[in-house]
Amino acid sequence: MAETAVVEKEPLFGKKERKLLTDPLGDNNPITIQVLGICSALAVTTLFFKALVMSVAVVFVCAFANLFTSLLRNYIPKQVRMIVQLVIIATLVTIVELVLKALDYTVYKDLSVFIGLIITNCIVMGRLEAFALANKPWRSFLDGLGNGLGYGLILLIVAFLREIFGKGTLFAGSPAEIKIIGASIPSEGIIYKINTAAESGIGTWFSWYANNNLMVLPASAMFVIGVLIWIQRSWRKELVDIS
Amino acid sequence: MHSTRYIYTFTVAMTVVVALVLAGLFTFLKPIHKANEAIFNKKAVLSSFMGTKANDLSDEEVVTAFADVKQYVLNYEGKPLSNDEVKDLRNYKEKDGKAEDLDLSKEKKKDDEDRLFPLYIKEVEGKQVYITAVRGNGLWDEIWGYIALAEDLNTIVGTSFDHKAETPGLGAEIKDNPTFPNSFKGKQIFNSEGEFVSVLVKKGGADKSDKHAVDAISGATVTCDGVTNMLESGLQYYMPYFETLKKDQLGLNK
């Protein structure tokens with residue numbers, strides 16, 4: 001019987017791989033647990049649609065920056081590794097910016113500053129340093145994907161709450177805009193097109209509801225994220241730091 | 001540890017690859033970017049008299065709606081310049097020299113005497129609508145807008161505003177809340193004696209019967225004052241041209 005070297009098995013979607021994807025969504029969420037990337041989470045969560053575009057951009061940048069860094073990890077000179085990582089991130093962000101500018105110019109105009117600032121998002125750089133430099137490409141890709149999704153998930157929850165209670169709508173700024181709660185804005189002379197209850201078949205609820213302007217202001221994002229962190233930690237006690 | 005030579009080779013190679021990828025993508029997407037930008041600017045002009053309806057127009061509809069719009073580039077004396085005259089100027093060599101090609105942000109920084117002003121004339125329901133462009137400062141950065149005037153060059157048919165960095169929920173409401181631009185409808189920029197008085201954005205609420213004031217947005221005092229100033233200074237630049245236009249109208253009536 002010939003002795004064979006024990007090769008560590010690396011299935012495409014083993015337990016470890018799944019954990020890489022799901023962990024950042026809950027127990028190791030970059031925003032609520034690591035409290036990273038707060039700056040953009042405060043700024044781009046006024047509208048659900050904007051937050052959605054931003055999330056997709058971060059997922060893309062995070063996943064591919066991890067993949068490329070991991071592919072190059074044995075060739076990157078240690079002395080300049082941060083600069084190399086920064087160049088990789090900046091390139092991907094520029095690609096996102098150029099593509100978005102071609103796809104939807106209005107959203108690009110609204111988001112341009114924040115897309116550019118993904119370069120400085122500490123989640124991306126953090127994953128490159130902590131994971132991609134020491135792991136194989138596939139796992140790094142999954143880790144980036146997971147962390148991007150974890151960031152996006154929180155962004156979407158916050159944006160959903162802020163838009164519903166701040167404007168009474170969903171998907172404002174996109175063609176699919178729907179009025180959900182509160183009375184429709186009376187049109188004055190010109191037609192202010194909003195797919196109201198009857199048209200969309202969903203129904204406008206709570207017509208007495210007056211939009212809460214606080215939810216549109218940046219401070220409310222702080223409250224919403226704070227409450228999310230509170231809920232998560234009181235639900236899963238083991239996440240609480242006792243240090 | 002890698003050698004210094006390796007580090008240099010690595011960085012140079014990486015820079016070249018990245019530069020080529022980005023330059024390639026940029027050149028490939030440039031025509032689409034340009035087209036998108038043109039549509040976006042046209043939409044802003046159209047929304048001055050169409051309101052939020054302009055946002056629902058498809059790209060083709062915007063181009064069709066804009067096809068019969070007459071475009072003029074006015075100088076400080078109110079004289080319309082031909083396309084070639086505009087193209088001779090420093091910043092506009094590579095463009096068509098039409099009103100929509102003007103870079104209004106750069107124009108604002110020029111001295112008054114050197115500034116150029118775009119004017120769009122569109123026929124809506126058998127009547128001429130004169131669309132002027134104004135630009136000023138809000139709380140954080142620039143704000144700008146298009147003011148559509150009726151044939152009498154006095155009554156406002158509609159407005160649209162935009163901004164670079166006003167606070168969402170407060171200053172940004174000049175764009176996001178359609179009630180604000182709509183409130184300018186029917187207001188007049190000249191008083192009954194024919195003096196230019198502009199339209200005031202009034203804190204604490206304007207009287208409904210007041211022809212020269214609209215309600216301000218609460219919590220956005222600086223932005224609203226910016227709109228007031230922008231309208232007053234911006235519309236004044238068009239006065240020399242309007243004077244000649246009015247004289248022509250009178251001449252025709254005789």
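Residues numbered from 1 in each chain as written. Chains lettered and ligands numbered in written order. Predicted model: local features only at pLDDT ≥ 70, side-chain atom pairs only at ≥ 80, totals over all residues. Heavy atoms only, no water.

Trainee: Lay out a nonpolar patch on the surface in plain terms, naming residues and giving numbers.
Mentor: Taken together, Leu25(A), Leu149(A), Leu153(A) and Ile157(A) make up a surface patch of nonpolar side chains, about 290 Å² in accessible area. By secondary structure assignment, the location of Leu153(A) is in helix α7 (residues 137-167). (Patch = residues over 30% accessible without salt bridge, like charges linked within 9 Å, V, L, I, M, F, W, Y side chains within 5 Å. Areas by Shrake-Rupley, 256 points an atom, 1.4 Å probe, with all protein chains shown as cover. Salt bridge = Lys/Arg side-chain N within 4 Å of Asp/Glu carboxyl O. Helix = DSSP H or I, 4+ residues; strand = E, 2+ residues; numbered from the N terminus.)

Trainee: Lay out unusual backbone geometry in plain terms, naming residues and giving numbers.
Mentor: With a phi close to 50 degrees, Val35(A) is a non-glycine residue in the positive phi region. The topology assignment puts Val35(A) in the loop between α1 (15-22) and α2 (38-43). You will see that Leu153(B), though not glycine, has its phi angle at about 55 degrees, which is positive. Take Leu153(B): it is sitting in the loop between β5 (142-149) and β6 (156-163).

Trainee: Could you give an account of the pattern of salt bridges, with specific residues and numbers?
Mentor: All names here are of chain A. Evaluation of the coordinates by the stated rule reveals 16 salt bridges over all chains. For the salt bridge of glutamate 238 with arginine 236, the shortest nitrogen-to-oxygen distance reads 2.9 Å. A relative accessible area of 57% means that glutamate 238 is categorised as exposed. Residue classification places arginine 236 among the partly exposed positions, given a relative accessible area of 25%. Each of Asp27, Arg236 and Glu238 takes part in one network of salt bridges that share partners. (Buried < 20%, exposed > 50% of the residue type's maximum accessible area, 1.4 Å probe, protein only.)

Trainee: Can you break down the sheet that holds strand β2 (residues 80-81) of chain B residue by residue, with the values?
Mentor: Residue and element names in this part refer to chain B. The six strands lie next to each other as β2-β1-β3-β4-β5-β6, forming an open sheet whose pairing is antiparallel. Every interior strand has two partners, whereas the edge strands, β2 and β6, have only one. As defined by bridge partners, strand β1 (residues 70-74) adjoins β2 across two bridges and the pair is classed as antiparallel. Looking at β2, one finds that valine 73 is bridged to leucine 81. (Pairing = 2+ DSSP bridges.)

Trainee: Pulling in residues and values, what's your account of the confidence of the model for chain B?
Mentor: In this model, chain B carries a mean pLDDT of 87, and residues with pLDDT of at least 70 account for 98%. With pTM at 0.79, the complex prediction returns an ipTM value of 0.76. (pLDDT = per-residue confidence, 0-100.)

Trainee: Tell me about helix α9 (residues 218-235) of chain A, and please be specific about residues and values.
Mentor: Residue and element names in this part refer to chain A. The end-to-end C-alpha separation of α9 is 26 Å, in line with the 26 Å expected for 18 residues at 1.5 Å each. For α9, the complete set of buried residues consists of Ser220, Ala221, Val224, Ile225, Leu228, Ile229 and Gln232. Contacts made by the buried residues of α9 are with α2 and α7. (Expected span 1.5 Å × (residues − 1). Contact = heavy atoms within 4.5 Å.)

Trainee: Summarise the interface of chain A and chain B; cite the residues concerned and give the values.
Mentor: For an interface, size is often stated in terms of accessible area lost upon the parts coming together. Contacts between the two partners involve 30 residues from chain A and, on the opposite side, 31 residues from chain B. For the pair chain A and chain B, the two sides together bury roughly 2,900 Å², of which 71% comes from carbon and sulfur. Applying the counting criterion to the chain A and chain B interface returns one salt bridge. The partner of Lys175(B) in a salt bridge is Asp110(A), with the nearest N and O atoms 3.6 Å apart. At the junction of chain A and chain B, the tally comes to four residue pairs in polar contact (both at pLDDT 80 or more). For the side of chain A that touches chain B, the secondary-structure elements that each account for two or more residues are α4 (81-103) and α5 (105-116) of chain A. (Buried area = accessible area lost by both parts, 1.4 Å probe. Polar contact = N/O pair within 3.5 Å; in protein donor to acceptor, adjacent residues only side chain to side chain.)

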